[in-house]
Each structure stands twice: as structure tokens, then as C-alpha cells.
Amino acid sequence: MTKENVIEIHNLRKTYDKGKIKALNGIDLEIKKGEFISIMGPSGSGKSTLLNMIGALDRAEEGTIKVAGINLMKTRDLSEFRSQEIGFVFQMHNLVPNLSVLENVEIPMYETRVKSEEMRRRALELLEAVGLKDKADKNPTKLSGGERQRVAIARALVNHPSIILADEPTGALDSKTGDVILNLLKSLHSKEQVTLVMVTHEPYVAEMADRILHVLDGKINNSS
Amino acid sequence: MSFFTLMIKNPFRNRTRATLAIIGIAIGIATIVALGMVTGGLQSSTQSTLKAGSAEITVTKIGSGNFGSSGGILDESLVTDLKNTNGVKDTAGILRVNSNVSTPSGGSGFGSMGGFLVNGIDSSKLALVGIDSVNGTIFTNGSSNEIIIGKTVAQNLNKTVGSTIDIYGTEFEVTGIFESGNFIYDTGAFTSLSTLQNLTNNTGKVSYIQVKVNDNANASQVSKTIQDEHPNDLSATTAVDLANRINQSLGMIDTASWAISLLAIVIGGVGVINTMIMSVFERTREIGVLKAVGWKDRRILGMILGESIILTLVAAVVGIILGIVAVEIIFKFFITSQSFEAVLTMDTLLKAFGVALLVGIVGGLYPAYRASRLAPTEALRYE
């Protein structure tokens, strides 16, 4: 049985600087549910812009984009979509410094109707999955770079999203720590049956994916 | 962790900045509280003239002011005349003279204005001037030179029961000390009417007459009747009228207090805007992340606005404590003769918290709006 598409993009266009910079220049893309996709390309090719479009952090000017059954071009308030369907992992972990590790993982659940006790239970469960349960009450500034990124991964998964979008998740880490993070992402991807879309510069990282997309000048150059 | 806990934690991330903002607002709140306490104290002193049991109407000679001039200017026979007026329960003639006993320097209030006032009254009529109880005993009517003094006079002159005071060359023994709650009386003394009349050559004369009306009578109506019956001689003022007149003067202090409140709102508001804008700037990336994980614009707006209000409410608590301490210090060390006490009323507290809340909303609204409108991609790129 063929899997259904979780992301469907047709002729997606986005410009910056009053049309002078064509960040996305007619993207066509389909990603199936549960797929692990790597997006590669030089700086400024449009790969992060594409990721932002899928995650509804930005809006395109032309084309169609449907993610998890929702037409992002026609939906006005996309915050609920982001909360329910998307989990972001950034290059910089972007944790809130004055909150504990546990509280950082709880943050995405404020927009859901989950009670405090359930929030705590779910966050601890995920921290256990990323091997940081014992550091739940620590401040993120006391953690290493790899540990912080693991917290960010737990935060991305806490609302059980259908898609994880990772923008160079190992970019700020040494190769050994980077491998730990990649293995974690990969195992969570298979365990949670979640679609994983990852932007990376590193070919060996990209090769871990089911499919690699090469983006150049705002277009998908080839797919391998 | 609840959303509310998060809002409480955030304003104190930069402790120095939060402390400075709190101090700025707290000074404004402290000023409001201090002025409110002084106004409240004066108002409660005024209202105590209305206490139950005391006379409701003060009758003076026309043109002599609310409490009459010193010296005997009314014929004592009027005291009996007025008692026969319809609706009157009791009357008391009072002779008021200045003691010429100077109080220690540095004092202020009625008690220090070149001596205190000595009132002559029949000892059985003391309830009409609000003196229900005396620490010691009351003076006896007739020729004995006995006197009771107000607590403020006792403090200023350092007199106790058994001390003596020289008035017009005659030594009076202090038999009691009273506290009527009326700051005008508490800064004076009472003795036998006939003794004072004889001593000051005012035989058969009084300065003013206190009138108590029947329980079922209307004080304003009785007051009007008295004036109608003595159109050319007497002026009758009810205690309510008097309190209202004093309150009108207090209204000026109140207006000044409101002007300061307004200033506090403007200055505090600008301070809060500055603090919160700095905070939003520093947390731009963080706000981007919150949007990325699905926070709605209105939750971000609520968070920043909530942080701003928490900051100002903390400032309100600090300001109220600061204001109370300041007033206590001023009254303890700089106002030695306390003719009234500062009173912290619920109104003042509500006003302090109301102003703080307003400053929090006014100051937090723009930064909160700005934060809620941040584009997530730009916020996430912010260095």
C-alpha cells in the first residue's frame, strides 16, 4: 500500500527585497508520511526558506502548499497548525535561559488544553527518551551543547507532531556530538512514525535520509 | 509550570533593570500613599467631630467664625433660651480663652500657636464636646482650680495627672487627660465655666454654644430654627456642614494627590515602556521560538502585558511600604506635636494599586503589541 502525501507543494514562489531576491522560484515537492528527507544546497539557495514555508513560519506569494491536509495559503491563523503538526529543531537550540530543562520542554503545550500535571508527565517522558530525565530541573545554561540540542528535540516532539523540521541540527556541534543527535533523530523518526525533514550542509548527514533533495537558486535541482 | 508562573519569573531575568524600574514606580506610589495617609488622617479628625453623643450644632455670634472668637461675646442666658427651642435636647455654653502658655518650639498644629485654648464648660456637659472618658477625674464645677487637658497638650507640655499649669496667674491642677478624637479639642483644655468666667472677667458670657438635638429631630432643621429666631445675633453651623467645609479644603490636597498620581502614571509608564521594550528586544529570538512552537499572538501579548503588570504591582507593594515608613518617620521625628494621626485608608490602598495597574497596562501595551506582531522568521534570525 502506498503511503499518502503529508506535504504537497506546487509552483511555490517567494521573493524578498521587493522581488529582487527570488528565494523560492517555483518549487514542486511531495513528501510521504513517515519519510526522512534531507535538503541540501549552498548558502542562499532557498533550503531554509522552504523549511520555513513547510513549518508555516512564513508565507509564499504564489503556488500551493498543503501540509498535513491543511492548505497553508488559505489558512489565516497558522499558530494552531504549528502547535499540532510541526516540531522545530533549530541549529541553535534556542532554549529559554531562565527556565529549567523541564519547563522548556513544556512550553509548546501552553496552547493545548493539557493540565499542568499532564504537561509535566509528558515532558519527563520525552526527557527520558532523549536521556536527560535526571537533568530535568537543571538550567539549560548548565548543559553541554549536545544536551541542549537533545532538550530541543524533546521540545519539538512534545505535542506529538506529524512532521519534524530540523534546520542544520548538528551545525553547531562537534562531529561526535552531532552523530549522537542524528542517531537520536533517526531513532525517534522510526519509533514515533514521524516525517522528518532536515536541512544540512554535510553530505554524510544527508545520506542517512530516505531521500536527498538538492536545492539551487530557489528550485529543486534533483532528487536522489 | 503554569502560564502565570512563567509570567512571574520573566520580569526578574534582568534583576538590575527590574529593580530600577520598580524603584522608579515605587517612588510615585509612595508619594500617593503618603499624601493619602495625611489627607485620610485630616478627614478622620474632621469626621470625629460627628461622633455619637456630642452636639450636632455649634451656635456662634454672627461673623465670629465656625468656632467663635476667644472671649465672652454671647450672653450666657442664650444657653437656656436655646434649650427651649423646638427639637433641642441639651445645650452647653463654652467660654474659650487662650491660655498664653507657650508650647515648646518645634511643634506644629493647633497646640503650638502661641499657647493652647482653654475652654470653660459645665462639667456635666462634657459629653456634648465629645469627651466621654477621662484618664483621671474631671474637674468640679465652682471655684476649685482644676483642669483637664487634651492628650496633645499633655504631650507637648509634658504634663501628667497631678501636674499644675499656670493660667492667667492662677495655678490649675491637672485632674485628668482626655482624648476626644477631635483634634481641635485635643489640643486644648477644659475647666469649670464659672471659674474661667471669673478669672477672665467674662462673668455671664460664653464664646459659643453647643447644641444637641433630640434623637428624632433633624439637625439642619433645628439649626435653621435657631437662626430664624435670632436673625441678627446668631449663626448656627451643623457638625456635618463644618465637616463638609473642612473636607472642601482637604479636597485641594486631594487634587494635588491626583495630579501627582497622574505624573506618576506618565513617568512610571515611560519607565515601564522602556524596560519592557528592552526586554522584548533581548528576547526577540525567544519570541520567535514561542511562535514557532505554536504560541498565538494573543498569548505573547498577554505574557508581555502580564509581566509589565506584575512589575508594577510589585512596585505598588514596595511603594506602599515605602510611603507608610516615610510618613511614620516624618510624624515621629519632624512633627513632634501631633494634632492628628496619619491614617491609611482602603481608598488610598486601592488608589495605589489602581495607579500601579494602570501604569502596568499603559507601559506594557506597546511592547506587548510589538512582540506579538514580530514575524517568526525575522525573530528567529535576530542576533
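Counting restarts for each chain: residues are numbered from 1 in the order of the written sequence. The lettering of chains begins at A and the numbering of ligands begins at 1, in the order of writing. pLDDT decides what is reported in this predicted model: residues at 70 or higher carry local features, side-chain atom pairs at 80 or more are listed and counted, and totals for whole chains, interfaces and linings draw on all residues regardless. Calculation of side-chain values draws on the structure's entire complement of heavy atoms; hydrogens and water are dropped beforehand.

### Remarks on the overall build of chain A
Secondary structure elements are defined from DSSP: runs of H or I of at least 4 residues count as helices, runs of E of at least 2 residues count as strands, and each element is numbered from the N terminus. Each helix and strand in chain A was counted, giving 7 helices and 10 strands. Taken over the C-alpha atoms alone, chain A extends approximately 45 × 45 × 40 Å along its principal axes. Three labels apply to residues, based on accessible area from a 1.4 Å probe with only protein chains included: buried if under 20% of the type maximum, exposed if over 50%, partly exposed otherwise in between. Among the 224 residues that make up chain A, the fraction classed as buried is 54%. In this analysis, two residues are considered to be in contact whenever any of their non-hydrogen atoms come within 4.5 Å of each other. For chain A, the proportion of contacts with a sequence separation of at least 24, taken over those separated by at least 6, is 69%. Residue burial considers only the protein chains on display, and all accessible areas are found by Shrake-Rupley using a 1.4 Å probe. When the accessible surface of chain A is split by element, carbon and sulfur atoms take 47% of a total near 10,300 Å². On chain A, the mean spot of the 31 positive side-chain charges and the mean spot of the 31 negative ones are 2 Å from each other. We count Lys and Arg on the positive side and Asp and Glu on the negative side, and we leave His and both chain ends out. For this purpose, a charge sits on NZ of Lys, CZ of Arg, CG of Asp or CD of Glu.

### What about the pairing of strand β11 (residues 208-213) of chain B?
In the case of a regular strand, side chains alternate between the two sheet surfaces. Residue and element names in this part refer to chain B. Among the 6 residues of β11, 6 are classified as buried, and the element is accordingly described as predominantly covered. Judged by which residues are buried, β11 turns out to be covered on both faces: Tyr208, Gln210 and Lys212 on one side and Ile209, Val211 and Val213 on the other are all buried. The pairing criterion for strands is at least two bridges between them, as found by DSSP. Across 3 bridges, the pairing between strand β1 (residues 57-61) and β11 is antiparallel. The residue of β11 that forms the bridge with threonine 58 is glutamine 210. Pairing of strand β3 (residues 88-98) with β11 involves 6 bridges; the strand directions are antiparallel. When the bridges of β11 are listed, aspartate 90 appears paired with lysine 212.

### A look at the sheet that holds strand β4 (residues 62-67) of chain A
Residues and elements named next belong to chain A. Read from one edge to the other, the open sheet built from 4 strands follows the order β2-β1-β4-β5, with strand pairing classed as antiparallel. Bordering the open sheet on either side are β2 (21-32) and β5 (70-71), each of which pairs with just one other strand. Here strand β1 (residues 5-16) runs beside β2; their pairing, made up of 9 bridges, is antiparallel. Across the sheet, residue isoleucine 9 finds its bridge partner in β2, namely leucine 29. The axes used here are C-alpha line fits, helices contributing only the stretch in contact, and every angle between their N-to-C directions lies in the interval 0 to 180 degrees. Sheet contacts for helix α1 (residues 47-54): β1, β2 and β4; angle to β1, the most-contacted strand, approximately 125 degrees.

### Focus: the interface of chain A and chain B
Contact with chain A, which involves 24 residues of that partner, is made by 21 residues of chain B. What counts as buried area is the accessible surface, traced by a 1.4 Å probe, that two parts surrender upon association, with contributions from both included. Carbon and sulfur atoms make up 54% of the surface buried where chain A meets chain B, a total of about 2,200 Å² over both sides. When residues of chain A are sorted by the area they lose upon contact with chain B, A:Asn98, A:Tyr110 and A:Glu111 head the list and together hold 30% of the total. The working definition used for a salt bridge is a side-chain nitrogen of Lys or Arg within 4 Å of a carboxyl oxygen of Asp or Glu. Where chain A packs against chain B, one counts 3 salt bridges. Its salt-bridge partner being B:Lys296, residue A:Asp77 comes within 3.6 Å of it at the nearest N-O pair.

### Some points on the packing of aromatic side chains
Pairing of aromatic side chains requires ring centres within 6.5 Å, counting the rings of Phe and Tyr and the six-membered ring of Trp. Pairs whose planes differ by under 30 degrees are stacked, by over 60 edge-to-face, and all others tilted. Tallied over the full model, the rule gives 5 aromatic pairs over all chains. When the centroid spacing of 5.5 Å and the interplanar angle of 90 degrees are considered together, the rings of A:Tyr110 and B:Trp295 count as edge-to-face. Here the residue A:Tyr110 occupies a position in the loop between α3 (101-106) and α4 (116-129), and B:Trp295 occupies one in the loop between α9 (284-292) and α10 (297-334), the pair thus bridging two chains. The exposure class of A:Tyr110 is buried, given its relative accessible area of 8%. Through a chain of ring-to-ring contacts, three or more aromatic side chains come together here, namely A:Tyr110, B:Phe3 and B:Trp295. Whether a charge sits over a ring depends on NZ of Lys or CZ of Arg being within 6 Å of the ring centre and within 35 degrees of the ring normal. Sitting over the ring of B:Phe3, B:Arg299 keeps its end group 4.8 Å from the ring centre. Above the face of the B:Trp295 ring, B:Arg299 is positioned so that its terminal group lies 5.9 Å from the ring centre.

### Comments concerning the confidence of the model for chain B
Residues and elements named next belong to chain B. Values of pLDDT, ranging from 0 to 100, describe the predictor's confidence in every residue of the model. Per-residue confidence for chain B averages 84 on the pLDDT scale, and 90% of its residues sit at or above 70. Across residues 103-113, where pLDDT falls below 50, the model places 20 contacts with residues more than four positions away in sequence or in other chains. Among the prediction metrics, the complex's ipTM stands at 0.90, with pTM recorded as 0.71.

### Some points on the layout of surface pockets
Roughly 740 Å³ of volume is contained in the largest pocket. Lining the largest pocket are 30 residues, and of these A:Ser48, A:Asn52, A:Gln91, A:Asp167 and B:Arg381 sit closest to its centre. Looking at the lining of the largest pocket, the elements with two or more residues in it are β2, α1, β6 (86-89) and β7 (163-167) of chain A together with α12 (376-381) of chain B. Top contributing element to the lining of the largest pocket by residue count: α1(A), with 5 residues. Only protein atoms enter the calculation, which uses a 1 Å grid: trapped sets of points that fit a 1.4 Å probe without letting it out are cavities, open sets showing protein on both sides within 12 Å along at least five of seven lines are pockets, and any residue with an atom within 4 Å of a point is a lining residue. Grid points are joined across faces, edges and corners, and a volume is the space filled by probe spheres set on the points.

### A few points about unusual backbone geometry
Even without being glycine, A:Asp17 reaches a positive phi, approximately 55 degrees. Of note, A:Asp17 is situated in the loop between β1 and β2. Judged by relative accessible area, which is 47%, A:Asp17 ranks as partly exposed. If you check the backbone angles, B:Tyr168 has positive phi at about 50 degrees while not being a glycine. Mapped onto the elements, B:Tyr168 comes out in the loop between β7 (164-167) and β8 (170-178).

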